[in-house]
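Observations on the model geometry
Spelled out from the first residue to the last, the chains are:
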Amino acid sequence: MEHGIYLMMIHMLPSRGAELKHNQNYVVLQELNTPPPREWSSFKVAFEETLTQKHCLTPGCLLHCEELSNAAEKGLRDASQMMAVWIQSKLKSTKIPEVRGEIDIGIGTVHYVMSNMQVGQCSMSGPSMEFVKGTGVSVEISQLSLAIKGRWATKFGIIHDGGSFDLAVYNIKIQTLLELGDDAGRLSITTISCSNDIGGVHVQFHGGASIFFKPFVSTFSGKISEMIHLKICPAVQQAISELEMNLQEIPVNIPMGQYIYLSILLTSSPAVTDQSFDLDIKGEFYSKSSPSEPPFSASKFEVQYAENYMLSLAASEFLINSAAYAYLSSEVLQINIKNNMIPKNFPIHLNTSEFGALIPQLGTLYPNMEMQVHLYASETPLFSFSSGAIDVHVPAAAKFSVVKPDGMLVPLFRLDVDGSFSGSALIDNNHLTGAFKMKNLTLTLGSSEIGDFKTAGLEQMLVIAVNMFVLPKLNVYLKTGFLLPTLQHFSLTNSKLLIQNGFVVIFTNVEDSRTVSMKTMV
């Protein structure tokens, strides 16, 4: 499994840790008395907490994965808080169907209708969530209370009456079991069972001849309670169906610009224990025009999680380098450099006479003629991470040509470039920023149509060009940085970035923009 596959694990309760050891394509889990770091191998997403109980039924079981992630009690607690706000918002926007019926009052039948019902207020204790082994997640909502306003109308023979009413439904308890599955590489959620119980209903009528309804309030309350009881589980199923539709709309092939895309697919159904659920996911960059596997494979790395963060996002060298390989396969890591692109204050321009000082035979063979350079990556640029630093190795080549008066190009020579750069990165004001500097740059003559020549002078000029023009512009751009991404209304907050051996990791919390805006409304 050289594809940058990761497994997501969510744990309810902290307990003993587990050591993860890679054995080629598998991870072996062994019980420990203390929580050690995780081993991942390419790209991972992790809800954060210290390591928890073993991930298998028995010690030493094998998980077919290359990446692991861990979510624990804090993640579930925050998810429950988000769910509470979401549920209350859904309830306040729910359209309650009108209630029609009739009551025998001894001297005849009163027909009634209760309409225009709207939830004005709702309160609840936070939903509780538990994993159910082999199935999914059990969600329980308790002490849910609703305050509903509406209109009433009655008909007794030719007598019509009407007014308003206040309805309180309290101590509602809802229990539902959700199954987690795999639907064509996407996470699926379906409702397995649902039950509910209503503690009580209180209704008060206003206006009209509402005083005559007092003897029949218990009848109204019973009918309304039964109606709400019958509506709750279908409403829950509808909400879960909407969530399922949202999950299916999340793309598994995410375009990352014009040339490459990121593939993220479940490779198996979630494995659910009573402490966690595991998602085995493949994540790798591909070229849109010619998708293929890179000539390098993923390597293991260890992550020591930080406390008090809900989510960890880690990217190994493999993931980043798969993006570089995808760009290389798309044939976009190249540029034609013309003389009019060279800054006027640069000490040398693309002219044979000026280059003649460094390559004597050039000025003799092609006096005072413009030149053009085709610069391209000869191999995949490779990133490597070490503690606090990013190193980049860039193998490139530059083909020099003379531009004839008719625009035709005459090949001159090819220079092979080997560059090494180091840099750093951090998160500043929710932006990923960084800076780079040159470590080393060498030039060698790869081939020549005009004979051999020394490259020391050209190498010195290239070093000056990179240090004076290329890197300063790049660092200005990187200083502004990139805004951390959002996904389906979720954004990253209070983020911290660490560069470790073999990977880079972001510790962060997650915020749902919809629930934030709803909190003032609930």
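Our subject is the structure that appears above.
A brief look at the structure comes next. This structure is a prediction, so every number in the text was calculated from the model and none was measured.

This part covers the state of the cysteines. By definition, a disulfide is the covalent link that joins the sulfur atoms of two cysteine residues. Per the counting criterion, the structure on display carries 1 disulfide. Each sulfur in the disulfide pair cysteine 194 and cysteine 233 lies 2.2 Å from the other. Judged by the sign of its S-S torsion, about -85°, the bond between cysteine 194 and cysteine 233 is left-handed. Residue cysteine 194 is found in strand β13 (residues 186-206), and its partner cysteine 233 is found in helix α2 (residues 217-249); the two are separated by 39 residues along the sequence. For cysteine 194, a relative accessible area of 22% corresponds to the partly exposed category.

Further remarks concern the pairing of strand β22 (residues 382-386). Bridging between β22 and strand β23 (residues 389-403) involves 5 bridges; their strand directions are antiparallel. What sits directly across from serine 384, in β23, is aspartate 391. A loop of 2 residues connects β22 with β23, the two strands running antiparallel in sequence, and glycine 388 in this loop sits at a positive phi of about 80°.

Within the secondary structure, threonine 480 is located in helix α6 (residues 456-480). The class for threonine 480 is exposed, based on a relative accessible area of 55%. As for threonine 480 and glycine 434, which are separated by 46 residues in sequence, their C-alpha atoms are 8.6 Å apart. Once residues lying within four places of it in the same chain are set aside, the contact partners of threonine 480 are His431 and Thr433.

In this section: helix α3 (residues 317-329). End to end, α3 covers 18 Å across 13 residues, agreeing with the expected 18 Å (1.5 Å per residue, within 8%). Every buried residue of α3 is listed here: Phe318, Leu319, Asn321, Ser322, Ala323, Ala324, Tyr325, Ala326 and Ser329. Regarding α3, its N-cap is serine 316, as a side-chain oxygen of that residue lies 3.1 Å from the backbone nitrogen of phenylalanine 318 further along. Two residues or fewer past α3, glutamate 331 is found with a positive phi of approximately 60°.

Bringing a nonpolar patch on the surface into the picture now. A cluster of nonpolar side chains, contributed by Ile335, Met341 and Leu375, occupies part of the molecular surface with about 240 Å² of accessible area. Among the residues examined, leucine 375 registers a relative accessible area of 31% and is labelled partly exposed.

Our next topic: the pattern of salt bridges. Taken as a whole, this structure holds 4 salt bridges when the rule is applied. Note that aspartate 391 is salt-bridged to lysine 439, the shortest N-O span being 3.4 Å. Separated by 48 residues along the polypeptide, aspartate 391 in strand β23 and lysine 439 in strand β25 (residues 431-448) bring together distant segments of the chain. A salt bridge links arginine 414 to aspartate 416; the nearest nitrogen and oxygen atoms lie 2.9 Å apart.

Enumeration over the complete set of coordinates arrives at 9 aromatic pairs. Between tryptophan 152 and phenylalanine 205 the ring centres are 6.1 Å apart and the planes differ by 90°, which places this aromatic pair in the edge-to-face class. You can see tryptophan 152 sitting in strand β11 (residues 136-156) and its partner phenylalanine 205 sitting in strand β13, a full 53 residues away along the chain. When the centroid spacing of 5.6 Å and the interplanar angle of 80° are considered together, the rings of tyrosine 477 and phenylalanine 482 count as edge-to-face.

Reading the values: rules and limits
Residues numbered from 1 in each chain as written. Predicted model: local features only at pLDDT ≥ 70, side-chain atom pairs only at ≥ 80, totals over all residues. Heavy atoms only, no water. Disulfide = S-S within 2.5 Å. Helix = DSSP H or I, 4+ residues; strand = E, 2+ residues; numbered from the N terminus. Buried < 20%, exposed > 50% of the residue type's maximum accessible area, 1.4 Å probe, protein only. Pairing = 2+ DSSP bridges. Contact = heavy atoms within 4.5 Å. Expected span 1.5 Å × (residues − 1). Polar contact = N/O pair within 3.5 Å; in protein donor to acceptor, adjacent residues only side chain to side chain. Patch = residues over 30% accessible without salt bridge, like charges linked within 9 Å, V, L, I, M, F, W, Y side chains within 5 Å. Areas by Shrake-Rupley, 256 points an atom, 1.4 Å probe, with all protein chains shown as cover. Salt bridge = Lys/Arg side-chain N within 4 Å of Asp/Glu carboxyl O. Phe/Tyr/Trp six-rings, centres within 6.5 Å; stacked < 30°, edge-to-face > 60°.

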